[in-house]
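# Observations on the model geometry
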Amino acid sequence: MRVFNTCMLIMKRNLGAMLMYIIIFIPLMIVMSILSTEKYNLSFEESKPEYTIINHDITTPITEGLERYLSDKGSEVKLEDDIQVLQDANFFHETEYIIMIPEGFSAALFTDAPMKLETVQTPDSTDSYYMRLLVDQYFNLVTGYHKAAPELGEAEIAARTLNDLSIETAVEKINYTGSTPVSEKLRTFFRFVPYILLMIIILCTSTIMMAFSKPQLRMRNMSSPLRPFSLSMQLILYYCIISLICWVLICLLGLIVNINSLSGMDPRILALLFLNTFIYMIVSIAVSSMVCSFIKNETVQNAVANILSLVFCFLGGIFVPLEMFDSTLSAVGKFIPTYWYSMTLDSICSLSVFTRESITPIMTYMLLQLGFAATFICIALVINKKNQSAEESFGSVKTEIEG
Amino acid sequence: MFWNMYKCKLLRIVRNRYLLIWTFVFPFILSTLFYFTFSSLDADNQFQAIRLGVVNDEAFQNDAMFKNTIEALSAEGDEQMFITSYADRAAVDDMLRDNEISGYIQIVDGSPKLFVKENGLKQTIMKCFLDQYSQTKSSIAAIIKTSPDAVQNISGLFDRREFTKKVSLTKNPQTDRVCYFYALLAMVCFYGGFMGMEIVEELQANLTGVGARRTVSSARRYKLVAADMLAGLTSQFIIMVVLCVYLEFALDVSLGSNIWAVLLICLVGSLAGISFGAMITVSNKLKASTKSAILITVTMIMSFMSGLMVEGINYIIMQKAPVVAWLNPAARIADAFYCLYYFDSYNRYFTNIIILLLMTAVMFSITVVFLRRQRYESI
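A quick note: this is a predicted structure, and the numbers were derived from the prediction, not measured.

## What to know about the overall build of chain B
When its secondary structure is counted, chain B shows 18 helices and 5 strands. Taken against the 2.2 N^0.38 rule, which gives 21 Å for 379 residues, the C-alpha radius of gyration of chain B at 31 Å runs more than 25% over that of a compact globule. Summarising its shape, the C-alpha atoms of chain B cover approximately 105 × 45 × 35 Å along the three principal directions. Looking at the 379 residues of chain B, the share that counts as buried comes to 52%. When contacts within chain B are restricted to residue pairs at least 6 apart in sequence, long-range pairs at least 24 apart make up 71% of them. Of the roughly 17,100 Å² of accessible surface on chain B, a fraction of 59% belongs to carbon and sulfur atoms.

Pasting the structure below:
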């Protein structure tokens, strides 16, 4: 196992650079998990969009009623009445809907020409659509009560309106699996795994490949009693073991960061999620064996690892969910294994029942990934064969006569 | 002499494939990928008619008012709220399980009841519609009870009217897309650190042969440093300008209307990036590959915190830890571009520029301190 041990020694000497990528990945995962604080509940819970009310008018029972009503339906974000603060908050979605009550609004509300509330919102967003429904409903009931009984005071109208608005429809949330579904946090983790896995595996394998493909070393190996078959097998064993170590490390990291999301989850779903990443690990080994032939120095190594993993992840629905892809991008994505990883992940996360019909697409997508892996390995073998027989193989070495 | 050194350095930079991959090829590939994948980002937040199921049983058929309301809101047009499928309970239940609809409604004991599979805004809007239907019915009943005279005009009392009008606080619309590109521009500025690294390596006798040759040359040290820095700045600035032109005209990413302000931030950002790379290289005796790794890692962390991977993270950091946000030069560059796009005033833009210039001065001073009076006993 001399070759295998040498591989491990080279790896040990380059551990710092490899760990660097994992070090970048850890804070990314922690931030992601902090950002997705969603908790699973058995009962239905309404979404509560963020909104802000800026009142340039006097406070009346009607406007107070609006504030009370909206505070039940959304989460109010108090902001300073400063244009740059409001612009910032709206741009970065701290608040989705800013309601500005103009001066004179209350006085004109029950006249023939009522003033309108000014709203700042993300153009045509679903949140603002919902908030508009709520605001219009409140004022429609208020004006309806006023038209029916003009003698009623504002406080009485607001009270009656709020009383009507407290009526709620019964909602039943159906859980088809009988277990906790995959949390957004866990899903985000599994979405990002291919990026780090592909990059690290390319770096780990290409580091060894660069060393072993040096012409002098190749000539030394060819003249040694070591059989080429044994050398290749030991290299393959190293690739598999180092990839497995990376996979286990990343999976452990995922389990630790998302430990709270695992309770109540169907273990079969969790097993499928890990199986999907394991298959992607095989794909990554295949991809790296294909591209390693082109990597001759550290510069190209870093560039290939970074650019390839980014291309695979952007076009494969890792950084941006597949549902946001247009038809052209989807068509291009289908030629990239990461696309099928994302498809598998989406199918596992939306799994409702474990039937033959529901499992079949997941298995199909996994087989497609393995198909890609087989293709890449075939291409790698062809390139390798060509390189070994090519004259350029030892091109950089000059004999004493030539020199 | 100075211009000769400047020209030679510029040629060396252009011929350095390693530099060009990171500072030129990589940003172009990344921005093109951003363009394709983020093109539908804004559309994703936009409201689209919700897929709804209705249990088409006897109770539903008998409730004419509810039936008419559902049909009216499902009619195609600008005000369409639902895309409705009518089927029996088992069929709509299967549709919900297979994610073909977001929820379904069944009339139970004379009142509509909503069935959903998960929480979400679409489901909330469905519930909101049903709530409003029941609330309006309740209001009508209350008015008939207290003011029987109002019965004749009851339909006129609850005409749906709009009480809001959209206003905009800026000339440019809100979009989630541009911030990724601004963070990318910030990242490219800091990949200019590779230029700084290259410059310093070729000034130090113990790091490169060229450095050794230049150290023994008759040229003044400050002239060497100035010529190299100027050449690095020129090439990095040109890369930034070319990238900005590519973003603005090929990828349709708005950089604001003030071209001089865009050029200024490109220049200051490039300067900050080069100073950063030079400082990292000169301040320690680590291997070149380790220095590169540090440069990439720090740049990636700074870019992440300026919104390269998660949109709005820069705003969250600014709210929760403003000191970290102000001390992150990549966030300042991204913020300066954002100011040009979104704000009418230049106050915050110039604050960012001043902070970047101060940081550059500090980094450059550290580099100079390390570079001056270097003597080599053995190399």
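## Observations regarding the overall build of chain A
Regarding its fold elements, chain A presents 15 helices and 5 strands. The principal-axis extents of the C-alpha atoms in chain A amount to approximately 110 × 50 × 35 Å. Looking at chain A as a whole, 54% of its 403 residues qualify as buried. Split by element, the accessible area of chain A, about 18,500 Å² in all, is 62% carbon and sulfur. Separation between the mean location of the 27 positive side-chain charges and that of the 38 negative ones in chain A comes to 22 Å.

## A look at the packing of helix 10 (residues 228-257) of chain A against helix 11 (residues 267-291) of chain A
All names here are of chain A. One can describe the packing of helix 10 onto helix 11 by two numbers: an axis separation of 10 Å at closest approach and a directional angle of 145 degrees. For the pair helix 10 and helix 11, the crossing hand works out as right-handed. Listed contacts from helix 11 to Y239, C240, S243, L244, W247, C251 and L255 of helix 10 are F274, T277, F278, M281 and I285.

## With respect to the interface of chain B and chain A
With 90 residues of chain B at the contact, the number on the chain A side is 87 residues. Considering only the side of chain B, the residues that lose the most area to chain A are B:F163, B:L169 and B:Y315, jointly responsible for 10% of the buried surface there. On inspection of chain B and its partner chain A, the count reaches 7 salt bridges. A:K73 is the salt-bridge partner of B:D131, the closest N and O atoms lying 3.8 Å from each other. Between chain B and chain A we count 35 residue pairs in polar contact (both at pLDDT 80 or more) in total. Counting residues per element, the side of chain B that touches chain A draws most heavily on helix 7 (residues 121-146) of chain B, which supplies 17 residues. As paired elements, strand 4 (residues 117-121) of chain A and strand 5 (residues 164-166) of chain B share 3 bridges and run parallel to each other. Note that in strand 5 of chain B the partner of A:L117 across the bridge is B:T164.

## Overview of the domain arrangement of chain B
Segmentation of chain B into domains returns domain 1 (2-36 + 179-371) and domain 2 (47-157). For domain 1 of chain B versus domain 2 of chain B, the separation of C-alpha centres amounts to 57 Å.

## Quick notes on the pattern of salt bridges
A complete count under the given rule lists 24 salt bridges over all chains for this structure. One salt bridge in this structure joins A:E168 and A:K73, with 3.8 Å as the shortest N-O distance. Residue A:E168 is located in the loop between helix 7 (154-165) and strand 5 (170-173), and its partner A:K73 is located in helix 3 (residues 61-73); the two are separated by 95 residues in the primary sequence. Taking relative accessible area as the criterion, A:E168 reaches 46% and is therefore assigned partly exposed. With a relative accessible area of 7%, A:K73 lands in the buried category. The shortest N-O distance in the salt bridge between B:D228 and B:R214 comes to 2.6 Å. With a gap of 14 residues between them, B:D228 in helix 12 (residues 221-250) and B:R214 in helix 11 (residues 209-215) connect regions that are remote in the sequence. Residue classification places B:R214 among the buried residues on the basis of a relative accessible area of 13%. Ionic contacts of the salt-bridge type, sharing partners, join the residues A:E46, A:K73, A:E168, B:K127 and B:D131 into one network.

## Description of the pairing of strand 4 (residues 111-116) of chain B
When a strand is regular, its side chains alternate between the sheet's two faces. Strand direction decides the pairing type here: strand 5 of chain A and strand 4 of chain B, joined by 4 bridges, are parallel. Counterpart to A:E172 in the pairing with strand 4 of chain B is B:F115. Across 6 bridges, the pairing between strand 3 (residues 103-108) of chain B and strand 4 of chain B is antiparallel. For B:G103, the partnering residue across the bridge sits in strand 4 of chain B and is B:V116. Counted between consecutive antiparallel strands, the loop separating strand 3 of chain B from strand 4 of chain B contains 2 residues, among which B:D109 sits at a positive phi close to 50 degrees.

## With respect to the packing of helix 13 (residues 259-282) of chain B against helix 17 (residues 329-342) of chain B
Residue and element names in this part refer to chain B. Contact geometry for helix 13 and helix 17: axes closest at 10 Å, N-to-C directions at 180 degrees. As judged from the angle between their axes, helix 13 and helix 17 are roughly antiparallel. Contacts between helix 13 and helix 17 involve A261, V262, I265, C266 and G269 from the first element and I333, A336, F337 and L340 from the second. Each residue belonging to the contact of helix 13 with helix 17 can be placed in one class, and the counts come to 8 nonpolar, 1 polar and no charged.

## Details of the packing of aromatic side chains
Across all of its chains, the model carries 54 aromatic pairs over all chains by this definition. Here A:Y69 and A:Y138 contribute two aromatic rings whose centre-to-centre distance is 6.1 Å and whose plane-to-plane angle is 20 degrees, an arrangement assigned as stacked. Highlighted residues: A:Y69 in helix 3 and A:Y138 in helix 6 (residues 126-148), separated in sequence by 69 residues. For the ring pair B:W22 and B:Y191, a centre distance of 5.6 Å and an interplane angle of 70 degrees mean the geometry is edge-to-face. Of the two residues, B:W22 is situated in helix 2 (residues 17-38) and B:Y191 in helix 9 (residues 178-191); the sequence distance between them amounts to 169 residues. Each member of the pair, B:W22 as well as B:Y191, is classed as buried. Sitting over the face of the ring of B:W326, B:R332 holds its NZ or CZ atom 4.3 Å from the ring centroid.

## Observations concerning the sheet that holds strand 5 of chain B
As summarised here, the arrangement of the 5 strands in space is 2(A)-1(A)-3(A)-4(A)-5(B), forming an open sheet in which the pairing is mixed. Unpaired on one side and paired on the other, strand 2 (75-76) of chain A together with strand 5 of chain B mark the two borders of the sheet. Taken together, the 2 bridges between strand 1 (residues 50-55) of chain A and strand 2 of chain A define a ladder with parallel strand orientation. Residue pairing for strand 2 of chain A: A:Y51 is matched across the bridge by A:E76.

Calculation criteria
Residues numbered from 1 in each chain as written. Chains lettered and ligands numbered in written order. Predicted model: local features only at pLDDT ≥ 70, side-chain atom pairs only at ≥ 80, totals over all residues. Heavy atoms only, no water. Helix = DSSP H or I, 4+ residues; strand = E, 2+ residues; numbered from the N terminus. Rg over C-alpha atoms; globule rule 2.2 N^0.38 Å. Buried < 20%, exposed > 50% of the residue type's maximum accessible area, 1.4 Å probe, protein only. Contact = heavy atoms within 4.5 Å. Areas by Shrake-Rupley, 256 points an atom, 1.4 Å probe, with all protein chains shown as cover. Lys, Arg positive; Asp, Glu negative; His and termini not counted. Charge placed at Lys NZ, Arg CZ, Asp CG, Glu CD. Axes fitted to C-alpha atoms, helices over the stretch in contact; angles between N-to-C directions. Left-handed = near helix turned anticlockwise from the far one by under 90°. Buried area = accessible area lost by both parts, 1.4 Å probe. Salt bridge = Lys/Arg side-chain N within 4 Å of Asp/Glu carboxyl O. Polar contact = N/O pair within 3.5 Å; in protein donor to acceptor, adjacent residues only side chain to side chain. Pairing = 2+ DSSP bridges. Domains from an automatic or database assignment. Parallel < 35°, antiparallel > 145°, perpendicular 65-115°, else oblique. Nonpolar A, V, L, I, M, F, W, Y, C, P; charged D, E, K, R; others polar. Phe/Tyr/Trp six-rings, centres within 6.5 Å; stacked < 30°, edge-to-face > 60°. Lys NZ or Arg CZ within 6 Å of the ring centre and 35° of its normal.

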